[in-house]
Amino acid sequence: MNSKNFSNLPLSKEMLHNLNEIGYMEMTPVQAETLPFILEGRDVIAQAKTGSGKTAAFGIGLLHKLDVKKFRVQALVLCPTRELADQVAKELRTLARFTHNIKILTLCGGAAFGPQLGSLEHGAHIIVGTPGRILKHLSKKTLSLENLETLVLDEADRMLDMGFIEEIDQVLAFAPKEKQTLLFSATYTDEIMSISNKLQKDAVSVKTVSTEVANKITERFYEAGNKLEILVNIFSTFKPENVIVFTNTKLDAKEIAESLQKQNIDALAIHGDLEQYERNDVLVQFANKSCSVLVATDVAARGLDIKELAMVVNYDIPHGEETYTHRIGRTGRAGKEGLAMTLYSVYEIEKALEYKSANRLFEDFTSLKKEKGFEMRPLYVTLVIEGGKKDKVRAGDLLGALTGDAGLAGSSIGKIDIYERQSYVAIEAKLIEHAHKKLQNGKIKGKKFSVWILS
Ligand code: ADP
Ligand code: MG
């Protein structure tokens, strides 16, 4: 008997079949340690690093309990950011595929209130969202938690960092006392423990950090007079396929991305000032390899599940080891070796010294190559189609239109993302104009859609 097998859990045949379908062959450590308790209905507090499969741990748990016939909100997942809520909802939908009628709704700030009202009127089984917006709906009585069975706090540490504690408290005042509360966090702090004591009853505590294979990450530190120049030299020396550059401020994120673009390095910024649709455009382009460099603030990049990130750069010394660990944990995932680079100015030397340890290399920037005419151009460019799930557009339809009428080879088409009203397709850069013209003039599923190039 293998204790990592999902089939050892008391799950339905349909659920097990679906897990197999989506390629979850065995449980990740955090799933193996929490799911038996979650399925018993116990409160659980779990710490595990990013990318360890926490979403499915609570997702399988809450779906298992869900009574589809009872059309009431039975589970609520609170997340720190819109991006994270979208990712959680997406994973839940994948996990819920074994039955067709489970309705999952995201309620996040930054999105229009009106359409959310409309969706709520139609009802939902599961709500995923950010605390502020959920509270607004509760206060306006457009959302009821009377029938709540499961409450999940995802990335609880970050929600606290972002000052959501009051909103969380207020949200909870609307929920029944009797319920299962699951708390997930990448770090365990005193604050997290006190939240757990307050919200949970007799909680099972799980830490999986030690049982997981450590990522192979090479950590290098460079003192830099001109950080932008050193950054470009780092790129030209290591030629990473994809990079996230972390900055401590929104303004820096914007400015650095612009400066890189001027030097023919394809970069996009993501920070709190962008509109929802702009953020989505940026995230899609980075994830589908239409953009090699993402310049981000911590909050904006939180919870992004971008696999196999080649490099992470700290443009400034992060505010503390915890942030540092979180940031660099995005590279070298799934056993791939990652590079974590940290730049510091003369003014930051003291802070940098606090990071000294045996496995961190403090290097001289003169060891970096300076390559004339160095450029970073992505493999793909993204095509946007003004049609999505609402229009019944599926990946196969887009693939069909591009390989059929438009005559592209399947190998020139990258990732396809389909949202409610829009779809994104990564197309090999040199074929983008051709693909654009063909799709614009042709039809998808017998219908005409507006198509444009995202740049
Ligand atoms: P976390 O929330 O811990 O950062 P996620 O829940 O986002 O991590 O999961 C990271 C990735 O691992 C996702 O792409 C998810 O689909 C995948 N994943 C989760 N569980 C399994 C599993 N049992 N087998 C294979 N892949 C999994
Ligand atoms: Mg997560």
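Rules behind the numbers
Residues numbered from 1 in each chain as written. Chains lettered and ligands numbered in written order. Predicted model: local features only at pLDDT ≥ 70, side-chain atom pairs only at ≥ 80, totals over all residues. Heavy atoms only, no water. Salt bridge = Lys/Arg side-chain N within 4 Å of Asp/Glu carboxyl O. Helix = DSSP H or I, 4+ residues; strand = E, 2+ residues; numbered from the N terminus. Buried < 20%, exposed > 50% of the residue type's maximum accessible area, 1.4 Å probe, protein only. Axes fitted to C-alpha atoms, helices over the stretch in contact; angles between N-to-C directions. Parallel < 35°, antiparallel > 145°, perpendicular 65-115°, else oblique. Left-handed = near helix turned anticlockwise from the far one by under 90°. Contact = heavy atoms within 4.5 Å. Expected span 1.5 Å × (residues − 1). Domains from an automatic or database assignment. Polar contact = N/O pair within 3.5 Å; in protein donor to acceptor, adjacent residues only side chain to side chain. Nonpolar A, V, L, I, M, F, W, Y, C, P; charged D, E, K, R; others polar. Near = heavy atom within 4 Å. Areas by Shrake-Rupley, 256 points an atom, 1.4 Å probe, with all protein chains shown as cover. Pairing = 2+ DSSP bridges. Phe/Tyr/Trp six-rings, centres within 6.5 Å; stacked < 30°, edge-to-face > 60°. Core = buried A, V, L, I, M, F, W, Y, C linked by side-chain atoms within 4.5 Å.

In total, this model carries 23 salt bridges according to the counting rule given. For E178, the salt bridge is made with K201, and the minimal N-O distance between the two is 3.2 Å. Of this pair, E178 sits in the loop between helix 8 (165-172) and strand 6 (180-185) while K201 is found in the loop between helix 9 (190-199) and strand 7 (204-207), placing the two residues 23 residues apart along the sequence. For K201, a relative accessible area of 53% translates into the label exposed.

Here the focus is the packing of helix 10 (residues 227-238) against helix 11 (residues 250-262). Helix packing for two helices is described by the angle between their axes and how far apart those axes are. Direction vectors running N to C along helix 10 and helix 11 enclose 60°, while the axes themselves pass 11 Å from each other. It follows that helix 10 is oblique to helix 11 by the angle criterion. Considering how the two elements wind past one another, helix 10 and helix 11 form a crossing that is right-handed. Side by side, helix 10 and helix 11 meet where L228, L231, V232 and F235 of the first sit next to I256, S259 and L260 of the second.

What follows concerns helix 10. With 12 residues, helix 10 ought to run about 16 Å at 1.5 Å a step, and its terminal C-alpha atoms sit 16 Å apart, in line with that. Here helix 10 lies mainly inside the structure; 9 of its 12 residues are buried. Along helix 10, the residues that are buried comprise K227, L228, I230, L231, V232, N233, I234, F235 and S236. Where helix 10 is buried, its residues touch strand 8 (217-223), strand 9 (243-247), helix 11, strand 11 (293-297), strand 12 (311-314) and strand 13 (338-344). Among the residues trailing helix 10, K239 stands out with phi positive, at a value near 40°.

Here we take up the domain arrangement of the protein. Interfaces are often sized by the accessible area lost when the parts come together. Assigned domains within the protein: domain 1 (6-211), domain 2 (216-367) and domain 3 (380-454). Listed by partner, the interface residues are 8 residues for domain 2 and 9 residues for domain 3. Linking domain 2 to domain 3 there are 0 salt bridges. Run the count over domain 2 and domain 3 and you get 4 residue pairs in polar contact (both at pLDDT 80 or more). Of the residues belonging to the side of domain 2 that touches domain 3, the class tally is 2 nonpolar, 4 polar and 2 charged.

The immediate surroundings of ligand 1 are formed by 15 residues, with Y24, E26, Q31, G51 and T55 found nearest. At 2.4 Å, a side-chain N or O of Y24 approaches an oxygen atom of ligand 1. A distance of 2.8 Å separates a nitrogen atom of ligand 1 from a polar atom in the backbone of E26. Protein chains bury 81% of the 570 Å² of accessible surface belonging to ligand 1 in isolation. Taken together, the residues of the shell around ligand 1 break down into 2 nonpolar, 7 polar and 6 charged.

Once that is clear, we can look at the environment of M341. When you line up the elements, M341 lands in strand 13. You can call M341 buried: its relative accessible area is 0%. Taking C-alpha positions, M341 is 38 Å from A203, a pair spaced 138 residues apart along the chain.

Attention now moves to the pairing of strand 16 (residues 413-418). In this structure, strand 16 lies alongside strand 17 (residues 423-428), joined through 4 bridges in antiparallel fashion. Paired with D417 across the bridge in strand 17 is Y424. Hairpin connection of strand 16 to strand 17: 4 residues between the antiparallel strands.

With that settled, the discussion passes to the packing of aromatic side chains. Summed over the entire model, instances satisfying the criterion amount to 7 aromatic pairs. Between F221 and Y355, the aromatic rings sit 5.9 Å apart at their centres with planes inclined by 40°, giving tilted as the arrangement. Within this pair, whereas F221 is found in strand 8, its partner Y355 is found in the loop between helix 15 (349-353) and strand 14 (360-363), the two being separated by 134 residues in sequence. For Y355, a relative accessible area of 3% gives the class buried. Ring centres of Y419 and Y424 lie 5.7 Å apart, and the angle between their planes is 85°; on these two criteria the pair is classed as edge-to-face. With a relative accessible area of 30%, Y419 lands in the partly exposed category.

A separate point is the nonpolar core. I60, V77, I126 and V128 are the most contacted members of the largest nonpolar core, which totals 41 residues. Those residues in contact with I126 that lie beyond four places of it in its chain are L62, L63, L66, A75, L92, I102, K103, I104 and L105. Formed by 29 residues, the second largest nonpolar core is a distinct cluster that contains I134, L135, L151 and F164.

The subject of this paragraph is the sheet that holds strand 8. The strand order across the open sheet built from 7 strands is 10-11-9-12-13-8-14, with neighbouring strands paired in parallel fashion. On the outer flanks of this sheet lie strand 10 (267-270) and strand 14, each paired with one strand and no other. Ignoring strand direction, the axes of neighbouring strands in this sheet form an average angle of 20°. For strand 9 and strand 12, the ladder comprises 4 bridges, and the chain directions are parallel. When the sheet's bridge partners are listed, V243 is paired in strand 12 with M311. Across the sheet, helix 12 (residues 276-287) lies against strand 9, strand 10 and strand 11, angled at about 135° from strand 10, the strand it touches most. Along the sheet, helix 14 (residues 321-328) contacts strand 8, strand 9, strand 12, strand 13 and strand 14; its crossing angle with strand 12, the most-contacted strand, is approximately 155°.

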